[in-house]
Amino acid sequence: MNLSRLDLNLVVALRALLEERNVTRAGERVGLSQPAMSAALSRLRRHFGDELLTRVGNTYVLTPLGAALRDSTATACDLLDRVFSSQADFDPATASRAFTLLGSDYGAAVFGAPLSRVLHEEAPGIRVTFQQAGPDVVENPATVLSTVDGLLMPHGIIDGFPATHLFQDRWVCLVADDHPEVGEELTLDDLARLPWAVYQRPYDAPAARQLSMIGITPHVEVSVHTFQLLPHLVEGTRRVAMIQERLARRAASLAAVRVLECPFAAVPVQEAMWWHPVHTQDAAHIWLRETVTRVGEQLGGPRAATPDGH
């Protein structure tokens, strides 16, 4: 397709039509009259060779193609918005800008807190939103990364996108402080015998992956989608959990748990921020990458440049 011959205004109209499923409401959303939006729908139908919206009684429903286009059209609009909001110059002290970062609650708690303090001091007009990453990060990382400013995620989950290294952490184990069967040290037998509380997300199960490498299948009693719940699910039980040390030291003051060394060589956590290449030359995003890298260094993380030097 020759994009130079495509009216990009139709992309905005298409998104409104597919999400509103009403010509009048779609027109009001994008500032077009009802006749103008009807004309846009006619052009879109000719382009795709499909009705996109069909009337059923007093309502419109999406055709199969219309339903398939709905999410990809929203992604395209978000990406276009980010492309055309890119800046050649950026002054964090005076700028007003919103950044969105995806990740786990671990990344938000351990890294997001010091990052937000730096932004508070150096860039008072900057707003950052932390969102929980879903399984589509692995299923379609390009689409996900194109709609946000960064993904806080350890190495080993996605690949093929630019990243800046932030900090390193290591895995430790948690047990109740009054656990009747665990002494000062955990053993591999303990890990195989005791029930587990685990952090579980559709694309990554840290404890299960680590244990499978040493031939242990954990007996999971409870799983959650936030690391910070694990200490409370271990407290007062026979359970054991694996958690990052930086988060575990905080948890020890909030729940009646003990932090113990893993009885095997667990693979360290190498936390990074990943981004879509569309952001690479944006001055505001360059500043964001430099800032997160600096915060990572303050946490004790190794400095490692990505291919683009950031």
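Our structure's up above, just so we're on the same page.
Residues numbered from 1 in each chain as written. Predicted model: local features only at pLDDT ≥ 70, side-chain atom pairs only at ≥ 80, totals over all residues. Heavy atoms only, no water.

(A) Focus on the packing of aromatic side chains. The full count for this structure, using the stated rule, is six aromatic pairs. Considering the side-chain rings of Tyr199 and Phe227, the 3.7 Å spacing of their centres and the 15° angle between planes classify their relative orientation as stacked. Placement of Tyr199 in strand S8 (residues 195–199) and of Phe227 in the loop between strand S9 (219–224) and helix H10 (230–234) is noted, with a sequence separation of 28 residues between them. (Phe/Tyr/Trp six-rings, centres within 6.5 Å; stacked < 30°, edge-to-face > 60°. Helix = DSSP H or I, 4+ residues; strand = E, 2+ residues; numbered from the N terminus.)

(B) Geometry of the sheet that holds strand S4 (residues 126–132). A sheet is described by the order of its strands in space; here five strands give the open sequence S4-S3-S5-S12-S6, paired in mixed fashion. Each having just a single partner strand, S4 and strand S6 (163–169) make up the two edges of the open sheet. Taken over all neighbouring pairs, the strand axes of this sheet differ in orientation by 20° on average, direction set aside. Inspection of the sheet shows S6 paired to strand S12 (residues 269–274) by six bridges, in the antiparallel sense. Directly across from Phe167, in S12, lies its bridge partner Glu271. Each of strand S3 (97–103), S4, strand S5 (150–154), S6 and S12 is contacted by helix H5 (residues 105–122), which is oriented at about 180° to S4, the strand it contacts most. Seen against the sheet, helix H12 (residues 283–298) touches S3, S4, S6 and S12 and runs at an angle of roughly 20° to S6. (Pairing = 2+ DSSP bridges. Axes fitted to C-alpha atoms, helices over the stretch in contact; angles between N-to-C directions. Contact = heavy atoms within 4.5 Å.)

(C) Broad picture of helix H2 (residues 23–30). Burial in H2 covers these residues: Val23, Ala26 and Gly27. Along the long axis of H2, the arc covered by the buried residues comes to 100°, so they all point the same way. Lining the buried residues of H2 we find helix H1 (9–20) and helix H3 (34–48). Capping the start of H2, Asn22 holds a side-chain oxygen 3.0 Å from the backbone nitrogen of Thr24, two or three residues further along. Two residues or fewer past H2, Gly31 is found with a positive phi of approximately 80°. (Buried < 20%, exposed > 50% of the residue type's maximum accessible area, 1.4 Å probe, protein only. Arc of directions from axis to C-beta. Polar contact = N/O pair within 3.5 Å; in protein donor to acceptor, adjacent residues only side chain to side chain.)

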